[in-house]
Amino acid sequence: MSVCRVRSLALVGIDALPVDVEVDMGPGLPGFSVVGLPDAAVQEARERVRVAISNAGYRFPSKKVIVNLAPANLRKVGAAFDLPIALGILAACGVVPPGGLSGMAVAGELSLDGSLRGIRGALSLADGARRGGLRGLLVPSENAPEAASIGGIDVYAAGSLEEAVGILRNGGTPVGGAPTVREDGSGEDFEGFEDVAGQGYAKRALEVSAAGGHNVLMSGPPGSGKTMLARRLPGILPPLTLEESIEVTKVHSAAGLADGGLIRRRPFRAPHHTISASGLAGGGTNPRPGEVSLAHHGVLFLDELPEFGRQVLEVLRQPLEDGQVTISRVAGTVSYPARVTLVCSMNPYPCGYAGDRRRACRCTPAQIERYRGRVSGPLLDRIDLFVEVPRLLGEELRAKGEAEPSERIRERVERARKVQLERQGVPNSALSGKRLRGACRLGPGAEALLVRAVDRMGLSGRAHDRVLRVARTVADLAGSVEIGPEHLAEALNYRRPGVLDR
């Protein structure tokens, strides 16, 4: 009896868990079976592996072959187990020396001609192998740059089964890679605020949002510039740190959207309003990340907010509060990170012209009530800044004078964000509990102002905390240690829902 073990990994969410591919060849009628809770794609590996081994110039054994994927209680999903199964069989036949597999993790999908196809989650697999103390990871050439970008582990690239066997027989040269993240110029690919005429109030609100990671709702008539402003927000966000870059890349790799290296700029996702709840939050039989997770550490922009289905929007309530999405299915439960800055835009009323200085609103009370009902109160309670964006008059559009460039705004944002990370380790939007109370010290006059505002504005406990977080960000932008009345007043001004309360 000949038994061989090959180390591999299974992708669960954005994490990779160790899996041992055990191959046994014994007496009995020739056959090939895979056990260990495999899904349909893993079961189909039997045919891919059998044909790929033969087409690569090796002889498939005429014995009873049993492959066990351990641990048996972890569901194995996808075609990434093709290569470790094939190498395990070849090792059991003596084609691959046992020493070549020592300390090496293997993952890859086989084509029928023996070539290797790319897989999802290569960065997570490399991180899992590194954490597991393995010396190397063998993956398809397509995934090698992404896997190598994390550093700390030797990554070997193979374009075919024959190349993989050669690496295990004779050794190979690890793929070069360095976990580099751009330190400046984070907005170089985005249009800047200097191209936006007027709208100083909205620009200031977006600066506060970028500095603290706060959620924003912009309301105004059609053509006032809401979408244009939102799409310029990424240009003033601070660059990703190395840890954030790795997290973002893991999510995109798990969704099959990675481009072969670390993602170096903050994501900006703008799904269409016809998106489903699963598309927004993630899901499926084998759960994959949704738009809110793909926007992790970046911006999720929902244009024309009331046009999204109400049940679709409700799935955002938990991610906006907890910073992660948990998806439960019969096969198991997975969690994806979802720490996003939510930016929404909407017309004030169904016609779009409430508050317009040139056109009157003609909506009936019933139309207004239905329109308001598309966005729930609990979701609005999770918005930090409510910003009215009016339509500009001709003289405002043609006013001379250069607007402040995004680069200068981003410098202030980066200084404020640096202060937050040094003080509490997270952006102000993530403050809670003791850290919130410790960071948000109110100066003289601010305490009394906040007490009066809570009673007069009817703020909930959640809204109270969000006002404090925004005030802390305003104070950070001003370089103030304490939150003064002027900082709190600005935060309270952003808390007014405006036309939504009319």
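Right above here is the structure, for reference.
Residues numbered from 1 in each chain as written. Predicted model: local features only at pLDDT ≥ 70, side-chain atom pairs only at ≥ 80, totals over all residues. Heavy atoms only, no water.

J.: Now, about the side chain of aspartate 381: what can you tell me, with residues and values included?
T.: Among the structural elements, aspartate 381 can be located in the loop between α15 (377-380) and β18 (385-388). Since its relative accessible area comes to 17%, aspartate 381 is described here as buried. Within polar-contact distance, the side chain of aspartate 381 engages the side chain of serine 460 at 2.8 Å. Here aspartate 381 is in contact with Ser460, Arg462, Ala463, Arg466 and Arg495, once residues within four sequence places are set aside. (Helix = DSSP H or I, 4+ residues; strand = E, 2+ residues; numbered from the N terminus. Buried < 20%, exposed > 50% of the residue type's maximum accessible area, 1.4 Å probe, protein only. Polar contact = N/O pair within 3.5 Å; in protein donor to acceptor, adjacent residues only side chain to side chain. Contact = heavy atoms within 4.5 Å.)

J.: Break down the environment of isoleucine 150 for me, with residues and values.
T.: Of note, isoleucine 150 is situated in the loop between α5 (144-148) and β9 (154-158). According to the relative accessible area criterion, isoleucine 150 is buried, its value standing at 4%. Separated by 120 residues in the primary sequence, isoleucine 150 and proline 30 place their C-alpha atoms 42 Å from one another.

J.: So what's going on with the nonpolar core? Which residues, and what values?
T.: Core analysis: the largest hydrophobic core is formed by 47 residues, its most contacted members being Met218, Leu229, Leu385, Val387 and Leu488. Here this core gets 8 residues from one element, more than from any other, and that element is helix α20 (residues 461-478). When near neighbours in sequence (up to four residues on either side) are disregarded, valine 387 contacts Tyr201, Ala202, Ala205, Val216, Leu217, Met218 and Ser219. Counting residues in hydrophobic clusters, the runner-up holds 44 residues, among them Cys4, Leu83, Ala86 and Leu90. (Core = buried A, V, L, I, M, F, W, Y, C linked by side-chain atoms within 4.5 Å.)

J.: Now, about the environment of arginine 269: what can you tell me, with residues and values included?
T.: Looking at the element boundaries, arginine 269 is found in strand β11 (residues 268-269). By relative accessible area, arginine 269 is classed as partly exposed at 21%. Between the alpha carbons of arginine 269 and serine 253 there is a distance of 16 Å; along the sequence they are 16 residues apart. Setting aside residues no more than four positions away along its own chain, arginine 269 makes contact with His252, Glu291, Leu294, Ala295, Val299, Leu300 and Phe301. In this structure the side chain of arginine 269 is engaged in a polar contact, spanning 2.7 Å, whose partner is the side chain of glutamate 291.

J.: How would you sum up a negative patch on the surface? Please name residues and give values.
T.: On the surface, Glu194, Asp195, Glu407 and Glu411 cluster together into a patch of negative charge. Within the secondary structure layout, aspartate 195 lies in the loop between α6 (161-170) and α7 (200-212). (Patch = residues over 30% accessible without salt bridge, like charges linked within 9 Å, V, L, I, M, F, W, Y side chains within 5 Å. Areas by Shrake-Rupley, 256 points an atom, 1.4 Å probe, with all protein chains shown as cover. Salt bridge = Lys/Arg side-chain N within 4 Å of Asp/Glu carboxyl O. Lys, Arg positive; Asp, Glu negative; His and termini not counted. Charge placed at Lys NZ, Arg CZ, Asp CG, Glu CD.)

J.: Can you break down the pairing of strand β8 (residues 136-140) residue by residue, with the values?
T.: A large share of β8 lies buried, amounting to 5 of its 5 residues. As defined by bridge partners, strand β5 (residues 104-106) adjoins β8 across 3 bridges and the pair is classed as parallel. Of the residues in β8, the one forming a bridge with valine 106 is leucine 138. Note: β8 against β9, 5 bridges, orientation parallel. Bridge assignment links leucine 138 to a residue of β9, and that residue is tyrosine 156. (Pairing = 2+ DSSP bridges.)

J.: An account of the pattern of salt bridges is needed here, citing residue identities and associated values.
T.: Applying the stated criterion across every chain, the model contains 24 salt bridges. The partner of arginine 204 in a salt bridge is glutamate 207, with the nearest N and O atoms 3.6 Å apart. In this pair, arginine 204 and glutamate 207 both sit in helix α7, 3 residues apart, roughly one turn of the helix. Exposure remark for arginine 204: the relative accessible area of 27% places this residue in the partly exposed category. Look at glutamate 207 and you get buried, because its relative accessible area is 5%. Residues glutamate 321 and arginine 466 are paired through a salt bridge, measuring 3.6 Å at the closest nitrogen-oxygen approach. With glutamate 321 in helix α13 (residues 317-322) and arginine 466 in helix α20, this residue pair connects regions lying 145 residues apart in the sequence. Looking at glutamate 321, the relative accessible area reads 36%, which means it is partly exposed. Relative accessible area serves as the criterion here: at 5%, arginine 466 is assigned to the buried category. One connected set of salt bridges, linked through shared partners, spans Glu321, Asp381, Arg382, Asp384, Arg462, Arg466 and Arg495.

J.: Residue-level account of helix α9 (residues 242-254), with values.
T.: With 13 residues, α9 should reach 18 Å at 1.5 Å per residue; the first-to-last C-alpha distance of 18 Å fits that figure. Across the 13 residues that make up α9, a large majority, 10, are buried. Residues of α9 that are buried include every one of Glu244, Ser245, Ile246, Val248, Thr249, Lys250, Val251, His252, Ser253 and Ala254, and no others. Once α9 ends, the next one or two residues include glycine 256, with phi positive near 75°. (Expected span 1.5 Å × (residues − 1).)

J.: Could you give an account of the packing of helix α3 (residues 82-92) against α6, naming the residues involved and the relevant values?
T.: At a minimum axis separation of 11 Å, α3 and α6 run at an interaxial angle of 60°. Considering the angle they form, α3 stands oblique to α6. The two elements α3 and α6 cross, and the hand of that crossing is right-handed. Here Leu83, Ala86, Leu87 and Leu90 of α3 come into contact with α6, specifically with Leu161, Ala164, Val165 and Leu168. Counted by class, the contact of α3 with α6 contains 8 nonpolar, no polar and no charged residues. (Axes fitted to C-alpha atoms, helices over the stretch in contact; angles between N-to-C directions. Parallel < 35°, antiparallel > 145°, perpendicular 65-115°, else oblique. Left-handed = near helix turned anticlockwise from the far one by under 90°. Nonpolar A, V, L, I, M, F, W, Y, C, P; charged D, E, K, R; others polar.)

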